[in-house]
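# Understanding the architecture of this molecule
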Amino acid sequence: MASNKKGEKIKEKSKRRPASQWAVAWRRFKRNKAGVFGLIIVMAVFFVGIFGSFFAPYPARPNKDAIKPFYKGDVRKPPSWLDPEEPNNFKYLFGTTPIGTDVFSDVIHGTKYTIYVGLLVTAITMALSIVVGAIAGFYGRWVDNLLMRISEVFLVFPALLFILVFVRIFTLTVGDPFLTIPIINIQIPAGLTIVVVILGLFNWASNARMIRGEFLRIRELEFIEAERALGASNTRIIFRHILPNLLSSIIVVSSLTIAYAILLEAAVSFLGFGDVNTITWGQILQENFSEMRIVWWAEIFPGLAILLTVFGFNLLGDGLSDALNPRLRD
Amino acid sequence: MTENILNIEGLKTYFFTEAGIVKAVDDISFNLKKNESLGLVGESGSGKTVTALSVLRIVPKPGKIIDGKVEFNGDDLLEKTEKEMQKMRGSEIAIIFQDPSSSLNPVYNVETQLRDVILAHQTVPKAETRKKVIELLEVVGIPEAETRMREYPHQFSGGMKQRVAIARALACEPTLLFADEPTTNLDVTIQAQVLNLLNDLKKKFNMSLVMITHDMGIIAEMTTRIVVLYAGRVCEIAKTHDLFERPRHPYTEALLAAVPRLDMKKTLRIIPGNIPNLIEPPSGCRFHPRCKHAKNTCKEKIPVLEEIEPEHFVACHEWQNISLKGERKH
């Protein structure tokens with residue numbers, strides 16, 4: 001009886017299509033409350049970034065309508081739900097700025113730039129660090145030595161200082177505030193793109209070292225020797241066998257890099273080195289900084305937006321890391 | 001007359017480590033006839049695996065093949081370009097590794113792993129590769145191949161994994177197969193199954209097999225001729241039957257005596273001492289510090305391999321003066 005029962009069970013199990021590793025990881029991720037919370041924040045940020053212009057009360061700058069005083073006289077209005085003179089609690093949720101813009105609209109329009117910065121900086125950073133890490137980790141010897149010494153130089157640089165210098169130099173060359181990419185016909189902010197590229201070029205070192213370490217580890221595993229014994233070339237081993245084994249680490253690190261890039265861009269803009277034509281969250285902070293004691297709402301809300309977004313990406317990254325590398329959990 | 005499929009002459013593979021030059025394989029010569037099962041026996045570190053890796057030319061860094069000839073079907077493999085070797089690996093010569101759980105890439109399912117090998121060496125339409133994969137898995141005795149091929153290595157048991165590894169090695173029907181301790185990491189009950197499978201497949205695919213192991217029991221079962229290695233040198237080459245009955249080298253005798261047996265009421269004999277440090281190997285015969293028959297000449301002169309009977313070679317100065325006990329056949 002028992003063996004019969006067992007036999008049936010085994011058969012039943014084998015009929016089921018085996019779960020892919022992604023399905024397993026997703027199941028594990030769903031159990032992690034913090035990670036799911038992070039994912040929700042991140043999805044909300046993406047939603048606002050993509051569809052924000054449809055529900056923002058006022059258009060994005062530099063449109064003239066964006067700078068519109070709400071009342072004659074003083075345009076520094078606290079959030080409408082705190083303003084005793086304003087009967088409509090939703091009229092200007094985050095208050096207004098000294099130049100008469102709606103902080104709520106500014107934050108919403110800033111979201112897409114935040115996403116642009118986060119994704120593009122991370123793409124550049126990861127591309128660079130994967131190439132450098134793979135070459136250093138796979139070929140080793142003097143190549144490894146050279147690349148790692150270069151990465152150390154980047155690590156000991158006071159990066160922000162160099163970023164600021166380069167950003168200032170290169171943003172001077174910007175003519176049109178927006179560039180249209182031919183063929184796909186998408187407008188990109190020129191000044192911000194320069195900031196993004198420079199941030200990307202300055203951030204690869206630590207990620208490259210991580211990827212190099214992983215390459216060193218996986219390169220020595222027996223299945224790599226087995227693949228070589230079956231006729232795999234170096235390129236094939238790198239791209240088909242080592243990199244896919246790193247995919248989970250790359251995903252996790254990317255998500256953390258996005259958070260870091262957003263923070264860094266906010267810092268650059270806040271210090272006044274950003275692109276004045278693209279009102280990122282850091283840019284809002286910078287514009288209203290001098291009157292912070294009065295118009296605190298113009299600092300608090302964009303600041304909270306940055307905090308929440310960075311927090312969301314960090315939680316997501318941690319959640320992913322737990323889900324994809326269960327060994328690291330303890 | 002059967003011709004030799006593999007002819008190794010004076011092979012030297014050294015590892016250039018920081019501590020010094022490790023002479024892992026030092027002047028090894030033997031040959032392998034078509035359809036033969038040859039055993040490569042020796043303690044850990046005697047150069048068995050390095051010999052196999054040298055034939056495939058995948059000796060890991062800092063190892064290097066210094067000298068010698070490896071003729072495969074008459075062509076010297078050491079003179080081929082890396083590209084040519086890549087084509088040979090997996091299609092003409094294949095190897096099965098010791099640990100099946102680490103010799104399969106964890107991120108791909110079984111079908112992908114097998115398909116990759118087939119496609120690396122042959123141009124076959126996709127539908128046909130699937131058929132071939134199922135066929136291969138059935139040949140190596142994996143039930144429900146069509147379902148199981150979609151599973152990942154971690155979903156297989158050790159024995160099943162080794163079957164997958166065997167299927168992968170046989171995917172392109174190589175004529176020469178190295179089996180590097182293929183059963184060391186398996187349960188004893190599974191060992192027999194895998195060995196039987198290898199024997200069947202050898203006949204089915206008309207392969208020549210080189211069985212690398214330190215297990216004299218497996219060697220007796222699986223091979224027709226044996227090469228005994230010690231510290232990177234050949235001690236003795238003989239037909240399996242002869243070697244077990246009339247070992248001529250003291251090391252071979254010691255190896256045979258170290259096999260536990262139920263029918264003899266004697267304590268297990270161990271070989272005193274350790275395998276020598278291969279950076280500074282003992283002078284003369286490398287076995288002399290552990291050999292109870294050692295004389296002064298053994299310290300001074302390197303013994304040469306001489307044919308003392310048809311197809312029985314031994315490298316020992318003293319073989320005529322000593323009588324050694326083999327295993328009585330039953």
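Notes on the structure follow. Quick caveat: nothing in here was measured; it's all calculated off a predicted structure. (Residues numbered from 1 in each chain as written. Chains lettered and ligands numbered in written order. Predicted model: local features only at pLDDT ≥ 70, side-chain atom pairs only at ≥ 80, totals over all residues.)

In terms of helices and strands, chain B carries eleven helices and twelve strands. Its C-alpha atoms give chain B a radius of gyration of 21 Å, near enough to 20 Å, the size a compact globule of 330 residues would have. With the C-alpha coordinates aligned to their principal axes, the bounding extent of chain B is approximately 65 × 50 × 45 Å. Taking the intrachain contacts of chain B between residues at least 6 apart in sequence as the baseline, contacts between residues at least 24 apart amount to 65%. (Helix = DSSP H or I, 4+ residues; strand = E, 2+ residues; numbered from the N terminus. Rg over C-alpha atoms; globule rule 2.2 N^0.38 Å. Contact = placed C-beta atoms within 7 Å.)

Residue and element names in this part refer to chain B. Tracing the chain through its elements places Glu71 in strand E4 (residues 63-72). For Glu71, a count of 17 C-beta atoms within 10 Å puts it in the partly exposed group. In this structure the C-alpha to C-alpha distance between Glu71 and Leu229, which are 158 residues apart in sequence, comes to 20 Å. The residues contacting Glu71, other than those within four sequence positions of it, are Asn7 and Asp76. (Buried ≥ 20, exposed ≤ 12 C-beta atoms within 10 Å, placed from the backbone.)

With that settled, consider the sheet that holds strand E2 (residues 20-33) of chain B. Hydrogen bonding along the main chain pairs the strands of a sheet, whether they run parallel or antiparallel. Residue and element names in this part refer to chain B. Ordered by their spatial adjacency, four strands build an open sheet running E2-E1-E4-E5, and the pairing between neighbours is antiparallel. Across the chains shown, the open sheet's two edge strands, defined by having one partner strand only, are E2 and strand E5 (75-76). For strand E1 (residues 4-17) and E2, the ladder comprises eleven bridges, and the chain directions are antiparallel. Bridge pairing in E2 links Lys12 to Asp26. Contacting E1, E2 and E4, helix H1 (residues 48-56) runs over the sheet at an angle of about 75° to E2. (Pairing = 2+ DSSP bridges. Axes fitted to C-alpha atoms, helices over the stretch in contact; angles between N-to-C directions.)

The next thing to look at is the interface of chain A and chain B. Listed per partner, the contact involves 18 residues of chain A and 26 residues of chain B. When contributions to the side of chain A that touches chain B are tallied by element, the ones reaching two or more residues are helix H9 (222-229) and helix H10 (234-270) of chain A. Counting residues per element, the side of chain A that touches chain B draws most heavily on H9 of chain A, which supplies six residues. Among the residues forming the side of chain A that touches chain B, the class breakdown is eight nonpolar, six polar and four charged. (Nonpolar A, V, L, I, M, F, W, Y, C, P; charged D, E, K, R; others polar.)

With that settled, the discussion passes to the packing of helix H11 (residues 281-288) of chain A against helix H12 (residues 297-324) of chain A. Residues and elements named next belong to chain A. Where H11 contacts H12, the two axes come as close as 9 Å, and the packing angle between them is 160°. The angle between the axes of H11 and H12 places the two elements in the roughly antiparallel class. For the crossing formed where H11 meets H12, the hand is left-handed. Residues Trp281, Ile284, Leu285 and Asn288 of H11 form the contact with H12, whose participating residues are Ala298, Glu299, Pro302, Gly303, Ala305 and Ile306. A breakdown of the residues in the contact of H11 with H12 according to their chemical character gives seven nonpolar, two polar and one charged. (Parallel < 35°, antiparallel > 145°, perpendicular 65-115°, else oblique. Left-handed = near helix turned anticlockwise from the far one by under 90°.)

What follows covers H9 of chain A. The buried count for H9 of chain A comes to seven of eight residues, which makes it a mostly enclosed element. Within the span of H9 of chain A, buried status applies to Phe223, Ile224, Glu225, Ala226, Glu227, Arg228 and Ala229 of chain A. The inward-facing, buried residues of H9 of chain A abut helix H8 (204-219) and H10 of chain A together with H1 and strand E6 (93-96) of chain B. Gly231 of chain A sits one or two positions beyond H9 of chain A and adopts a positive phi of about 95°.

Let us look at the sheet that holds strand E9 (residues 225-230) of chain B. Residues and elements named next belong to chain B. Pairing is mixed in the open sheet, where eight strands are placed in the order E6-E7-E8-E3-E9-E10-E12-E11. Each edge of the open sheet is held by one strand with a lone partner, namely E6 and strand E11 (306-309). On average, adjacent strands in this sheet sit at an angle of 20° to one another, irrespective of strand direction. Sheet analysis places E9 next to strand E10 (residues 233-239), joined by six bridges and oriented antiparallel. From the neighbouring strand, Arg225 faces E10, where its bridge partner is Lys239.

Before going further, it helps to spend a moment on unusual backbone geometry. All names here are of chain B. Here the bond from Lys61 into Pro62 is cis, since omega is 0°, no more than 30 degrees from zero. By secondary structure assignment, the location of Pro62 is in the loop between H1 and E4. Positive phi is not limited to glycine here, since Asn73 has a value of about 50°. On the secondary structure map, Asn73 appears in the loop between E4 and E5. Exposure remark for Asn73: the 14 C-beta atoms within 10 Å place this residue in the partly exposed category. Of note in this structure, Glu181 is not a glycine but carries a positive phi near 45°. Among the structural elements, Glu181 can be located in the loop between strand E7 (176-180) and helix H7 (188-205).

In an α-helix, one turn spans 3.6 residues, which is why side chains three or four residues apart end up on the same side. Residue and element names in this part refer to chain B. Helix length check: helix H3 (residues 110-121), at twelve residues, gives a terminal C-alpha distance of 18 Å against a target of 16 Å (1.5 Å per residue), a fit within 8%. Most of H3 is tucked away, with nine of its twelve residues classed as buried. Among all positions in H3, only Val110, Gln113, Leu114, Arg115, Asp116, Val117, Ile118, Ala120 and His121 are buried. In this structure, the buried side of H3 is in contact with helix H4 (126-139), helix H5 (145-148) and helix H6 (158-170). (Expected span 1.5 Å × (residues − 1).)

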